[in-house]
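What follows is the residue order along each chain.
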Amino acid sequence: MSSGALLSATGVTRRFGGIIAVDGVDLHVREGEFLSVIGPNGAGKTTLFNLISGQDRMDEGRVMLEGRDITNLSPRRMAEAGVARTFQHGRVFGNLSVMDNVLIGCHTRLRAARPRVPVVAPVLEILRALIRPASVRAEEAAMREEVRAIVATFGERLTPRLDEPTYALSYANRRRVEIARALALHPRILILDEPTAGMNESETVEMRDIVDALKRQGRTILLIEHKLDMVMRLSDRVMAMDNGRVIAEGTPAAVRDDPKVIEAYLGHATIGGGEPAEASLMPGTSRAAGGVQ
Amino acid sequence: MGSILSLPWFDFTVSGVVIGSIYALMAVGLALIFGVANLINFAHGAVFTVGAYVGWVCAVALGLPLWATVPLVALGGGLVGAGIEYIAIRPLNRQSRIAPLLATIGVGLILDQIVHILFGANPRALPVPMPGWRVSVGQGSIGPIDITIFVTAVIAAAALYAFLFRTRLGMAVRATAQDEDAAKQMGVNIHAVNMAVFAIAGALGAIAGLLVGIYYNAIDPNTSFQIMLKGMVAIVIGGMANVPGAIGGGVILGLIESYGIALFGASYRNLFAFAVLLLMLLVKPNGLFAKGREREAEPMTGTFVIQSMPVRPPGWLLALGVAAAALVPLAGQPYLTQVMTNAFLYALAAISLTLIAGTVGLVSIGHAALLAIGAYASALLTIAGLPVALGLVAAAAITALLGTALAYPAFRLRGHYVAIGTLAIGEIVSLVILNWTSLTNGSMGVFGIPPLTLFGVDFFSTNPSYWLVLGLVVVFALLQTRLLSSHLGRTWRAIREDTVAAETYGVGSNYYKGLAYGFAGFTAGLAGAVTAHQFSYINFDTFNLLTSVLILTIVILGGLGNVTGAIVAAVLVAGLPEMFRVLAEYRMLFYGAALLLLIRFRPRGLLGSG
Amino acid sequence: MTPSLTRRGLAGLALGLALGGALPALAQSSGEPVMIGVSGPLTGPQAQYGALWKQGFDLALERINAEGGIDGRPLEYTFEDSQNDPRQTIAIAQKFISDPAIVVEVGDFSSTASMAASPLYQRGGLVQFGFTNSHPDFTKTGDYMWSSSISQSQEQQVMADYAVDRLGLRRIAVLHLNTDWGTTAKNIFVEEAKKRGAEVVAAEGYLPDEKDFRATLTRIKASDPDGLLLESYYSDGALLVRQIREVGIDLPIVAVGSVYSPDFLSLAGDAANGVHTTAYFTPVSPRPEVQAFIKDFTAEYGQEPNNFNAMAYDTMNILAEVMRRHGTTREEIKAGLGEISGVPSVLFPEVSFDPETRRVMGLEPTELIVKDGAFQLFQP
């Protein structure tokens with residue numbers, strides 16, 4: 001079943017104390033596929049995404065990306081492996097300009113600016129930033145050009161604001177910046193965690209168009225979304241979770257009509273509504289220890 | 001001395017408990033405040049001192065009996081506590097936690113200085129008649145005051161615990177601590193609750209000052225910071241907001257120190273205290289007595305870099321400023337020139353700290369350690385025969401390496417844990433210098449450091465040394481500005497804004513914090529080394545905690561992360577008071593007030609944070 | 001030699017008159033003041049010492065100027081606050097050196113802070129007169145560094161004489177301030193005690209801001225000494241003796257002369273009884289200079305003078321005498337310090353300097369013990 005999958009996670013399990021938040025979940029995404037994960041609040045969706053993208057460590061299970069084992073890699077290694085994600089509540093760098101925000105997305109691709117020589121790399125990196133040989137300048141110029149191109153795909157919304165700090169942007173524009181930052185990573189797989197959370201009707205429609213455009217570019221996308229309308233329109237395949245387990249998987253229509261799915265949503269009585277409040281997603285609560293990341 | 005087993009362990013235990021109960025008494029108040037305001041109150045030591053002096057006025061100057069003195073001291077401490085809340089905490093409600101922490105440092109400096117001005121620096125006796133009996137314990141004895149201190153600490157902790165968990169107001173207090181907005185919706189008057197808590201803690205701190213003053217029969221205005229730091233270590237051990245845990249933390253700290261002295265000698269006492277602090281922060285940040293997750297973790301971002309656009313002075317203005325500065329020696333006033341040399345040495349240190357504290361967001365209260373490393377490295381190398389020019393460069397490189405390695409444990413910390421952690425690292429460096437006698441000459445200091453002669457050219461006379469330092473400031477300001485405009489600048493600022501998001505996009509935050517520390521260490525090491533050659537004598541106390549606080553004040557004044565701001569602020573803070581020496585007696589008051597007012601009214605600094 | 005003898009006679013006469021309580025109005029000083037630059041702590045942890053200095057300086061100047069100052073010119077000082085911080089002392093040094101009105105510099109408080117500025121004074125050709133700088137290296141920077149402070153090698157020989165020869169201690173435990181001063185003192189004492197056949201069984205350093213010594217003292221006790229030696233200042237010395245008695249150590253205590261202060265007695269309370277120390281300045285001395293000083297000081301400030309007051313007082317008198325006899329230029333003062341002898345003093349029988357070490361010669365310490373809450377002559 002996993003053959004041909006770009007990303008395949010098997011038996012993913014995560015326990016918090018006595019609670020099993022994610023219980024032996026299998027998830028497979030093929031190249032160019034659009035997979036959505038739905039489920040009521042507390043179903044374990046975001047925990048699952050955190051495990052796949054390295055934000056959290058799984059107790060059991062394995063994740064392979066293009067045949068390479070990426071189980072429990074640090075977020076940084078995940079990024080280097082080509083996994084890019086956005087955050088449910090948006091995490092742009094407020095005091096950085098739009099340009100700088102998206103350039104951070106290019107970080108893993110910097111070659112000239114980030115020498116890989118062992119031991120002396122730190123000294124070289126500082127010296128190169130000071131001296132700026134032609135290679136570094138060319139690389140930076142190319143990245144900046146690319147950022148402009150990525151930002152331009154969002155129409156005229158962001159381009160005039162390239163040099164403004166992102167704290168001055170509207171909520172929707174900040175989400176756009178976040179997606180642009182993810183695209184700048186040149187990801188093999190793009191993980192979108194509720195990109196329309198907190199958006200109004202018209203913003204939601206715009207975001208749906210953006211995600212639709214990403215899909216049409218042939219990108220491999222994993223989506224968590226509460227707004228079922230978007231899920232039904234865009235997904236190639238849908239996975240429904242409840243209580244940390246997969247309860248249904250298949251075409252959008254099949255999952256929507258699955259009695260188990262309906263029961264799960266009715267049982268929680270929050271179909272598609274409201275802001276989920278999974279603690280593990282809230283900024284600042286991702287780890288137990290008070291002072292340590 | 002015989003084997004370890006033959007040591008009088010029982011007596012060491014008694015000694016540890018006696019001093020530990022003093023720490024516990026301090027810690028209870030600190031824990032209470034941390035529990036409610038989520039803040040380490042650095043002014044708590046000053047409240048302690050105020051209490052001691054109110055006690056002196058009542059018991060000695062007015063001749064009141066003890067039963068009348070204690071309530072008056074509590075009242076005085078309560079008022080000061082409430083005042084701290086009103087002046088330093090309440091207005092900063094909406095800022096990140098490091099802001100009120102720094103504000104309390106400012107308040108502490110001011111209070112200490114007021115006591116100093118009113119009562120002078122001379123220690124005073126506080127003879128309060130106590131019952132004459134003493135109980136023999138082991139080979140020594142304990143008296144009524146030892147027991148009073150311990151019992152007061154335990155009763156205070158028990159009463160506070162009962163208050164917090166058994167009364168309605170206590171519930172309100174805890175609700176405030178957990179979720180301010182929710183508490184507000186439930187109709188809790190947050191301000192009143194906060195003020196009540198600061199008043200209670202103030203009263204406790206003041207009584208501690210009185211009791212400890214009676215215990216030693218001595219009070220002086222210079223104890224505040226030291227005793228506060230011990231209380232802080234105690235609450236880190238006991239769990240920051242854990243009031244009963246504070247008692248345990250205090251006693252454990254007392255025991256650790258006592259056993260440390262038993263094994264290694266008295267000069268290692270503080271080294272143990274700060275090593276324990278650092279270890280606790282890294283291994284068990286929620287304290288020894290934490291059951292799983294008692295508190296929610298800190299927020300991700302630890303800075304209070306305000307959303308602001310830094311002022312960017314035009315290039316011609318900067319060039320003009322440098323030109324004007326270069327002409328200072330031509331005024332023919334060597335004193336002015338020397339003061340400006342000092343100011344620019346501070347500027348060099350401030351440039352390096354503004355990178356760490358401003359750009360990367362690691363607000364360090366231990367920056368003087370980098371200066372000390374640079375100073376010792378260059379002093380020892382040049383005394384051993386290395387030419388001064390090479391000594392400076394080697395010292396800068398050594399500081400870059402060693403400073404980064406030492407600060408590395410703090411990279412994992414966030415929020416104001418960074419501040420405490422760097423403070424501990426700074427103190428540890430100073431104490432290692434003190435105790436590593438074979439290398440550093442210990443408390444004797446290093447004498448006869450060669451004067452600044454670079455490649456046979458005299459840089460030690462007033463004017464050349466001024467130009468040298470000014471030149472270093474200009475060069476390093478330009479280098480740092482260039483770094484900030486590279487990919488490193490945005491990467492550092494991204495780490496400051498949101499470390500998790502930065503890591504998610506492939507930024508190794510520890511690696512880049514290390515790069516920043518390396519570059520800043522190079523700059524700071526050079527500043528320290530030049531200072532050492534200027535002084536010709538340095539010791540472990542040449543670059544102390546006050547130096548760190550002063551540099552941080554400069555950095556905040558200039559605007560966190562703002563290179564030009566750091567230089568301008570250094571000239572203002574380190575230069576101005578020297579030029580108006582009439583005000584010399586009030587210099588510390590000036591620094592304290594500057595820190596407090598800045599954080600209150602212009603946290604972005606003069607030129608804006610970057 | 002004749003003129004200087006005459007002047008000495010005059011000074012003696014003036015002193016005699018002062019003793020009689022009638023200050024001569026004939027010689028009120030006027031004209032351009034002779035300026036001394038003082039570098040010392042007025043704020044910071046050592047601020048109390050700066051305050052003590054001022055009392056001594058002011059009292060001395062009042063008398064000197066009432067007697068006609070320096071050949072009719074009033075003697076004055078300008079006090080720059082250094083916080084006892086080397087950063088400040090070097091800035092102050094620049095200020096003094098470049099100010100032609102300053103003819104001699106006094107201070108700073110600690111040897112550390114003073115020695116940072118010494119190279120500047122040496123190059124600038126201005127005498128740095130340190131009267132609290134007992135560090136053996138203080139006068140070694142150059143021939144412009146002079147000191148009326150008893151050097152630590154002198155002081156520690158006295159301590160060893162007292163502890164070993166007079167009190168017969170053989171196993172001594174040393175507690176010392178862990179500063180350049182305290183550590184130097186301890187090191188020299190260990191040598192001197194060894195020479196006299198005693199052993200130092202424990203040596204513990206403590207930081208100036210430490211208050212609790214119980215654990216340290218427990219460690220001291222475990223080394224089984226027959227007596228304790230304190231290299232302390234008066235405030236920490238007082239804390240120490242209280243706690244020494246509290247932990248049940250009932251051995252003889254010898255403390256270095258810097259505990260000799262009324263504050264030591266009030267801070268230590270009953271625990272001070274039995275503590276041995278030495279003093280150069282002591283109210284129990286019968287010498288008229290000393291008695292006059294104590295009388296004047298008590299009248300002026302309402303309290304008894306301590307050692308730091310006395311040293312400050314002596315400093316002004318020594319410098320005034322040098323200026324009167326040898327002139328008021330910087331070079332004349334430097335040369336005069338090397339030649340002068342027989343200056344009346346409240347600390348020493350009389351002051352003259354060894355031109356080689358640039359320190360005072362011919363010390364005569366007084367051995368004291370605290371009895372009934374007061375310093376008294378020690379009579380074994």
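Residues numbered from 1 in each chain as written. Chains lettered and ligands numbered in written order. Predicted model: local features only at pLDDT ≥ 70, side-chain atom pairs only at ≥ 80, totals over all residues. Heavy atoms only, no water.

### A look at the overall build of chain A
Line of reasoning, step 1. Assigned secondary structure in chain A consists of 10 helices and 10 strands.
Line of reasoning, step 2. Among the 293 residues that make up chain A, the fraction classed as buried is 56%.
Line of reasoning, step 3. Here chain A displays about 11,900 Å² of accessible surface, and carbon together with sulfur accounts for 54% of that area. (Helix = DSSP H or I, 4+ residues; strand = E, 2+ residues; numbered from the N terminus. Buried < 20%, exposed > 50% of the residue type's maximum accessible area, 1.4 Å probe, protein only. Areas by Shrake-Rupley, 256 points an atom, 1.4 Å probe, with all protein chains shown as cover.)

### A word on the UniProt feature "domain: Leucine-binding protein" (unreviewed entry) in chain C
Line of reasoning, step 1. Sites flagged by UniProt as "domain: Leucine-binding protein" (unreviewed entry) map to residues 33–360 of chain C.
Line of reasoning, step 2. Across residues 33–360 of chain C one finds 46% helix and 18% strand; the C-alpha atoms that close the span lie 28 Å apart. (UniProt positions renumbered as here; feature names shortened; annotations may be inferred.)

### Focus on the domain arrangement of chain C
All names here are of chain C.
Line of reasoning, step 1. When cut into domains, chain C gives domain 1 (4–150 + 287–339) and domain 2 (153–279).
Line of reasoning, step 2. Averaged C-alpha coordinates put domain 1 and domain 2 at centres separated by 30 Å.
Line of reasoning, step 3. On the domain 2 side, the residues contacting the 13 residues of domain 1 number 11 residues.
Line of reasoning, step 4. Interface area, domain 1 with domain 2, both sides summed: about 1,100 Å², of which 55% is carbon and sulfur.
Line of reasoning, step 5. One can count 0 salt bridges joining domain 1 with domain 2.
Line of reasoning, step 6. Linking domain 1 with domain 2 are 2 residue pairs in polar contact (both at pLDDT 80 or more), by the criterion used here.
Line of reasoning, step 7. If you list the elements that add at least two residues to the side of domain 1 that touches domain 2, you get α2 (47–66) and α4 (111–124).
Line of reasoning, step 8. Across the side of domain 1 that touches domain 2, the residue classes break down as 5 nonpolar, 7 polar and 1 charged. (Domains from an automatic or database assignment. Contact = heavy atoms within 4.5 Å. Buried area = accessible area lost by both parts, 1.4 Å probe. Salt bridge = Lys/Arg side-chain N within 4 Å of Asp/Glu carboxyl O. Polar contact = N/O pair within 3.5 Å; in protein donor to acceptor, adjacent residues only side chain to side chain. Nonpolar A, V, L, I, M, F, W, Y, C, P; charged D, E, K, R; others polar.)

### Some points on the interface of chain C and chain B
Line of reasoning, step 1. Contact with chain C, which involves 61 residues of that partner, is made by 67 residues of chain B.
Line of reasoning, step 2. With both chains or domains summed, chain C and chain B bury close to 5,300 Å², and 56% of this area falls on carbon and sulfur atoms.
Line of reasoning, step 3. Three residues, Arg87, Arg214 and Arg219 of chain C, lead the burial of chain C against chain B; their summed loss comes to 14% of the area buried on that side.
Line of reasoning, step 4. Summed over the shared surface of chain C and chain B, the result is 17 residue pairs in polar contact (both at pLDDT 80 or more).
Line of reasoning, step 5. With 9 residues, helix α3 (residues 86–98) of chain C is the largest single contributor of residues to the side of chain C that touches chain B.

### What about the pattern of salt bridges?
Residue and element names in this part refer to chain C.
Line of reasoning, step 1. In the structure shown here, the tally under the stated rule is 51 salt bridges over all chains.
Line of reasoning, step 2. Among the ionic pairs, Asp161 bridges to Arg196, the shortest N-O distance being 2.8 Å. With Asp161 in helix α5 (residues 152–166) and Arg196 in the loop between α6 (180–195) and β7 (199–206), this pair connects stretches of sequence that are 35 residues apart.
Line of reasoning, step 3. By relative accessible area, which is 32% here, Asp161 ends up partly exposed.
Line of reasoning, step 4. Note on Arg196: relative accessible area 21%, which makes it partly exposed.
Line of reasoning, step 5. Arg171 is the partner of Glu199 in a salt bridge, and the nearest nitrogen-oxygen pair spans 3.6 Å.

### Description of the interface of chain B and chain A
Line of reasoning, step 1. At the junction of the two partners, chain B supplies 47 residues and chain A supplies 48 residues.
Line of reasoning, step 2. The junction of chain B with chain A conceals about 4,300 Å² of combined surface from both sides, 57% of it contributed by carbon and sulfur atoms.
Line of reasoning, step 3. When the area that chain B buries against chain A is broken down by residue, the three leading residues are Arg490, Thr504 and Tyr505 of chain B, summing to 20%.
Line of reasoning, step 4. Between Glu140 of chain A and Arg490 of chain B there is a salt bridge, with the nearest N and O atoms lying 2.8 Å from each other.
Line of reasoning, step 5. The interface formed by chain B and chain A includes 16 residue pairs in polar contact (both at pLDDT 80 or more).
Line of reasoning, step 6. Going through the elements one at a time, α11 (269–283), α18 (462–484), α19 (487–497), α20 (499–504) and α21 (509–535) of chain B are the ones with two or more residues in the side of chain B that touches chain A.
Line of reasoning, step 7. Considering every element that reaches the side of chain B that touches chain A, the biggest residue donor is α19 of chain B, with 8 residues.
Line of reasoning, step 8. Broken down by class, the residue content of the side of chain B that touches chain A amounts to 23 nonpolar, 11 polar and 13 charged.

### A few points about helix α13 (residues 334–359) of chain B
Residues and elements named next belong to chain B.
Line of reasoning, step 1. Helix length check: α13, at 26 residues, gives a terminal C-alpha distance of 36 Å against a target of 38 Å (1.5 Å per residue), a fit within 8%.
Line of reasoning, step 2. Of all bends in α13, the biggest is about 30°, found at Leu353.
Line of reasoning, step 3. Counting buried residues in α13 gives 24 out of 26 residues, a clear majority hidden from the surface.
Line of reasoning, step 4. The positive-phi residue at the C-terminal boundary of α13 is Gly361, with phi of around 90°. (Expected span 1.5 Å × (residues − 1). Bend = angle between axes of the 7 residues up to and from the residue.)

### What to know about helix α8 (residues 190–216) of chain B
Residue and element names in this part refer to chain B.
Line of reasoning, step 1. Here α8 contains 27 residues, and its C-alpha end-to-end distance of 39 Å stays within 8% of the 39 Å for a straight helix at 1.5 Å per residue.
Line of reasoning, step 2. Of all 27 residues in α8, 21 are buried; the element is thus mostly enclosed.
Line of reasoning, step 3. Structurally, the start of α8 carries an N-cap: the backbone nitrogen of His191 is 3.2 Å from a side-chain oxygen of Asn189.
Line of reasoning, step 4. One or two steps after α8, the chain reaches Asn217, where phi turns positive at roughly 55°.

### Examining the environment of Leu164 of chain B
All names here are of chain B.
Line of reasoning, step 1. Tracing the backbone shows Leu164 in helix α5 (residues 144–166).
Line of reasoning, step 2. Separated by 99 residues in sequence, Leu164 and Pro65 have C-alpha atoms that sit 32 Å apart.
Line of reasoning, step 3. Among all residues touching Leu164, those that are not within four sequence positions of it are Leu32, Gly170, Met171, Val173, Arg174 and Val243.

### Here we look at the packing of helix α10 (residues 243–264) of chain B against helix α7 (residues 214–222) of chain C
Line of reasoning, step 1. The contact between α10 of chain B and α7 of chain C brings their axes to 9 Å, and the two run at 30°. With respect to α7 of chain C, the element α10 of chain B is oriented roughly parallel. As α10 of chain B packs across α7 of chain C, the resulting crossing turns out to be right-handed. Residues Ser258, Ile261, Ala262, Leu263 and Phe264 of chain B of α10 of chain B lie in contact with α7 of chain C, whose contacting residues are Ala215, Thr216 and Arg219 of chain C. (Axes fitted to C-alpha atoms, helices over the stretch in contact; angles between N-to-C directions. Parallel < 35°, antiparallel > 145°, perpendicular 65-115°, else oblique. Left-handed = near helix turned anticlockwise from the far one by under 90°.)

### Describing the sheet that holds strand β13 (residues 366–371) of chain C
All names here are of chain C.
Line of reasoning, step 1. Read from one edge of the open sheet, 7 strands run β7-β6-β8-β9-β10-β13-β14, paired in mixed fashion. Each having just a single partner strand, β7 and β14 (374–377) make up the two edges of the open sheet. The mean angle between the axes of side-by-side strands here comes to 25°, regardless of whether they run parallel or antiparallel.
Line of reasoning, step 2. With 7 bridges connecting them, strand β6 (residues 171–177) and β7 associate as parallel partners. Bridging from a neighbouring strand, His176 pairs with Gly205 of β7.
Line of reasoning, step 3. The sheet strands contacting α7 are β6, β7 and β8 (227–231), and the helix crosses β6 at an angle near 160°.
Line of reasoning, step 4. Strand contacts of helix α8 (residues 234–246): β6, β7, β8, β9 (253–255) and β10 (275–279), with the helix running at about 160° to β8, the strand carrying the most contacts. (Pairing = 2+ DSSP bridges.)

### Points about the sheet that holds strand β7 (residues 189–193) of chain A
All names here are of chain A.
Line of reasoning, step 1. Spatial ordering of the open sheet is given by β6-β7-β8-β3-β9-β10, a layout of 6 strands whose pairing is mixed. The open sheet has two free edges, formed respectively by β6 (83–85) and β10 (245–250), since each of these has just one partner strand. Averaged over all pairs of adjacent strands, the angle between their axes in this sheet comes to 20°, without regard to strand direction.
Line of reasoning, step 2. Note: β6 against β7, 3 bridges, orientation parallel. Of the residues in β7, the one forming a bridge with Arg85 is Ile191.

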